[in-house]
Amino acid sequence: VTGGSQWKSPTRAGGKALPEDTRRHNRGMVLGALFRSGPQSRADLARSTGLSRVTMSDLVADLLAEGLVEELGRPEDQTIGKPATLVGIVPDARHILCLDLSDEEHFQGAIVDLAGKIVERRTVRRRARTGGAAAALVVGLAQDLLAASDRPVLGVGIGSPGVVDDEGTVVEAARLRWHDERLGADLAQRLPVPVHVTNDANAAALGEYTFGGATGKSMILVKIGQGVGAGLLIDGQLFLGDRFAAGEIGHVVLDERGDPCTCGRRGCLETAVAAPRLRERLDGSAAKTRTAILRAAGTKLGLALATIVSALNLHEVVLSAPSDLSSEAFRAAAYDAIRRRTMPAVGDHVDLRYGALGEDDVLLGAAVLVLSSELGVQ
Ligand SMILES: [Zn+2]
């Protein structure tokens, strides 16, 4: 493996990477460089990936033949030497079908191109459907998106609430009454394209990392919606934990005498900051009281995050919340609480901000999931 990246070869008997693994890895590096930095010459790509120029020419020839990249002519600013042809991703070479199941009222769908642009949207009302009926709604939405796409489809990506395992089974999503719901496998049987499912906060973290404003290789994204969950990226890789439940911070009890929670306990983080609870408290309050309510909630979140941020020495902490709840008072209070409760070596470097993608972060993260799973994009 060249390039010194974080890639780990798939486990094989004897632990050796096969030639096709290496090739897939190299391909992923090239595509990753083009996704992140835009069109480049083959020589620049060889330099930034650490691959030889011969290997790079072969890889680019394959990608050209597949129609994933195109030659874009020569850079205008080059005046000396033999001009190099630029190579860039063809945005509409493939479509990705993306679903966001995190909203209480609707399941959101979108067709996303390879540049991360949403080219079409579809929404279905959930009408309180749960269990098999909710799963059927997901299938219908995915089929609808597939019919609406006029390009080869790379795959379906889904961000679902709850704990999702590595086979796309929703182990537990209480609100949708899904228990071991084989969402990924069932959908893959009904559609002629690959399907990938992850937790909604994990998807949002992937979206922010690839298409948003991430500056480093590690981050935690806290998604505030019906519940509260977090997505963790460590060294550029999604961290799922031993039982796929990493980031499930919503039912950490902050105050055993606090408000009753849906889980049966009291004072969970969710009772302080989940969107429905916050809206309930804000409803009808005067502006001054609103600020105080948002500050109090932000402080609770900061308390819950201080230990995580310290344990992992995270610099980037990203908040994802509905637009009506994305207030500076909330953010600032959470930041202050983290600073007060961590040592300077950790707290001085924390950057706490709202995500750059707004409410499309789960959809775009679902696209990243497909890009990395199907094209090996790193
Ligand atoms: Zn709880």
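Quick caveat, the model's predicted, so the values are computed rather than measured.

Visitor: How would you explain the overall build of the chain if you had to name every residue and give the values?
Guide: Helix and strand counts for the chain stand at twelve helices and 16 strands. The C-alpha radius of gyration computed for the chain amounts to 22 Å, which stays within 12% of the reference 21 Å derived for 378 residues, consistent with globular compactness. Counting only C-alpha atoms and orienting by the principal axes, one finds that the chain spans roughly 70 × 50 × 45 Å. Once local pairs closer than 6 in sequence are excluded, the contacts in the chain between residues at least 24 apart make up 60%. When the accessible surface of the chain is split by element, carbon and sulfur atoms take 48% of a total near 17900 Å². When the 43 basic and 47 acidic side-chain charges of the chain are each reduced to a single mean position, those positions are 2 Å apart.

Visitor: Please set out the packing of helix α8 (residues 275–282) against helix α9 (residues 287–312) residue by residue, giving values where relevant.
Guide: At a minimum axis separation of 10 Å, α8 and α9 run at an interaxial angle of 150°. Between α8 and α9, the angle falls in the class roughly antiparallel. Along this stretch, α8 crosses α9, giving a crossing that reads as right-handed. Where α8 abuts α9, its residues L278, R281 and L282 lie against R290, I293, L294 and A297. Looking at side-chain class alone, the contact of α8 with α9 contains five nonpolar, no polar and two charged residues.

Visitor: So what about the sheet that holds strand β9 (residues 170–173)? Which residues, and what values?
Guide: With respect to topology, three strands assemble into an open sheet ordered β8-β9-β10, the strand pairing being antiparallel. Either end of the sheet is taken by a strand with one partner, and the two such strands are β8 (163–164) and β10 (178–181).

Visitor: Report on the coordination of the zinc ion, specifying residues and quantitative values.
Guide: Only H251 (ND1), C261 (SG), C263 (SG) and C268 (SG) from the protein reach the zinc ion as donors, at distances of 2.0 to 2.3 Å. Classification of the site at the zinc ion rests on its four donor atoms, whose angles at the metal span 101 to 122°, yielding the label tetrahedral. One chain supplies every donor for the zinc ion, spaced along it as H-x9-C-x1-C-x4-C. Residue classification places C263 among the partly exposed positions, given a relative accessible area of 34%. In this structure C268 comes out as buried when scored by relative accessible area, which is 1%.

Visitor: How would you summarise the pattern of salt bridges if you had to cite specific residues and measurements?
Guide: In total, this model carries 18 salt bridges according to the counting rule given. In this structure, R47 and D44 form a salt bridge, with 2.9 Å as the shortest nitrogen-oxygen distance. Of this pair, R47 and D44 both sit in helix α2 (residues 42–49), three residues apart, which is roughly one turn of the helix. The exposed category is assigned to R47, whose relative accessible area is 58%. One salt bridge in this structure joins R151 and D150, with 3.5 Å as the shortest N-O distance. Looking at R151, the relative accessible area reads 32%, which means it is partly exposed. Three or more residues are tied together by salt bridges with common partners; here these are E208, E316, D351 and R353.

Visitor: Before we move on, can you summarise the pairing of strand β4 (residues 95–100) with the specific residues and values?
Guide: The buried fraction of β4 is high, at six of six residues. Burial of β4 is two-sided: the residues H95, L97 and L99 facing one way and the residues I96, C98 and D100 facing the other way are all buried. Between β4 and the antiparallel strand that follows it, strand β5 (residues 106–113), lie five residues. Bridge count between β4 and strand β7 (residues 153–160): six bridges; the pairing is parallel.

Visitor: Account for the sheet that holds strand β2 (residues 69–71), naming residues and giving values.
Guide: Taking strand neighbours across the sheet as the criterion, the three strands line up as β1-β3-β2 in an open arrangement whose pairing is antiparallel. Strands at the two margins of the open sheet, each flanked by one partner only, are β1 (40–41) and β2. Where β2 and strand β3 (residues 86–89) come together, three bridges link them in antiparallel fashion. Bridge pairing in β3 links E71 to V87. Contacts from helix α1 (residues 19–37) reach β1, β2 and β3, with the element oriented near 85° to β3.

Visitor: Could you give an account of the pairing of β10, with specific residues and numbers?
Guide: Bridge count between β9 and β10: three bridges; the pairing is antiparallel. Its bridge partner being in β10, V170 is matched across the sheet by E181. From the end of β9 to the start of β10, which pair antiparallel, there are four residues, and R177 there has a positive phi angle of about 50°.

Visitor: Describe the packing of helix α6 (residues 200–211) against helix α12 (residues 361–375), with residues and values.
Guide: Between α6 and α12, the least distance of the axes is 6 Å, while the angle of their chain directions is 80°. Considering their axes alone, α6 and α12 lie roughly perpendicular with respect to each other. Contacts between α6 and α12 involve D200, A203, A204, L206, G207, T210 and F211 from the first element and D361, V362, L364, G365, A366, V368, L369 and L371 from the second. Classifying every residue of the contact of α6 with α12 by side-chain character gives ten nonpolar, three polar and two charged.

Visitor: I'd love a proper account of helix α4 (residues 131–148), names of residues and values included.
Guide: In this model, α4 (18 residues) spans 26 Å end to end at C-alpha, consistent with the 26 Å of a helix rising 1.5 Å per residue. When we look at burial in α4, the residues that qualify are G131, A134, A135, L137, V138, V139, L141, A142 and L145. Residues of α4 that are buried sit in contact with β4, β5, β6 (118–125), β7, β10 and α5 (183–190).

Visitor: Just give me the short version of a negative patch on the surface, but keep the residues and values in it.
Guide: Where like charges cluster on the molecular surface, the negative patch consists of D255, E256, D259, E280 and D283. Tracing the backbone through its elements, the reader meets D283 in the loop between α8 and α9.

Rules used throughout
- Residues numbered from 1 in each chain as written.
- Predicted model: local features only at pLDDT ≥ 70, side-chain atom pairs only at ≥ 80, totals over all residues.
- Heavy atoms only, no water.
- Helix = DSSP H or I, 4+ residues; strand = E, 2+ residues; numbered from the N terminus.
- Rg over C-alpha atoms; globule rule 2.2 N^0.38 Å.
- Contact = heavy atoms within 4.5 Å.
- Areas by Shrake-Rupley, 256 points an atom, 1.4 Å probe, with all protein chains shown as cover.
- Lys, Arg positive; Asp, Glu negative; His and termini not counted.
- Charge placed at Lys NZ, Arg CZ, Asp CG, Glu CD.
- Axes fitted to C-alpha atoms, helices over the stretch in contact; angles between N-to-C directions.
- Parallel < 35°, antiparallel > 145°, perpendicular 65-115°, else oblique.
- Left-handed = near helix turned anticlockwise from the far one by under 90°.
- Nonpolar A, V, L, I, M, F, W, Y, C, P; charged D, E, K, R; others polar.
- Pairing = 2+ DSSP bridges.
- Donors = N, O, S within 2.8 Å, 3.2 Å for Na, K, Ca; no water.
- Tetrahedral: all angles 85-135°; square planar, octahedral: opposite > 155°, others 65-115°.
- Buried < 20%, exposed > 50% of the residue type's maximum accessible area, 1.4 Å probe, protein only.
- Salt bridge = Lys/Arg side-chain N within 4 Å of Asp/Glu carboxyl O.
- Expected span 1.5 Å × (residues − 1).
- Patch = residues over 30% accessible without salt bridge, like charges linked within 9 Å, V, L, I, M, F, W, Y side chains within 5 Å.

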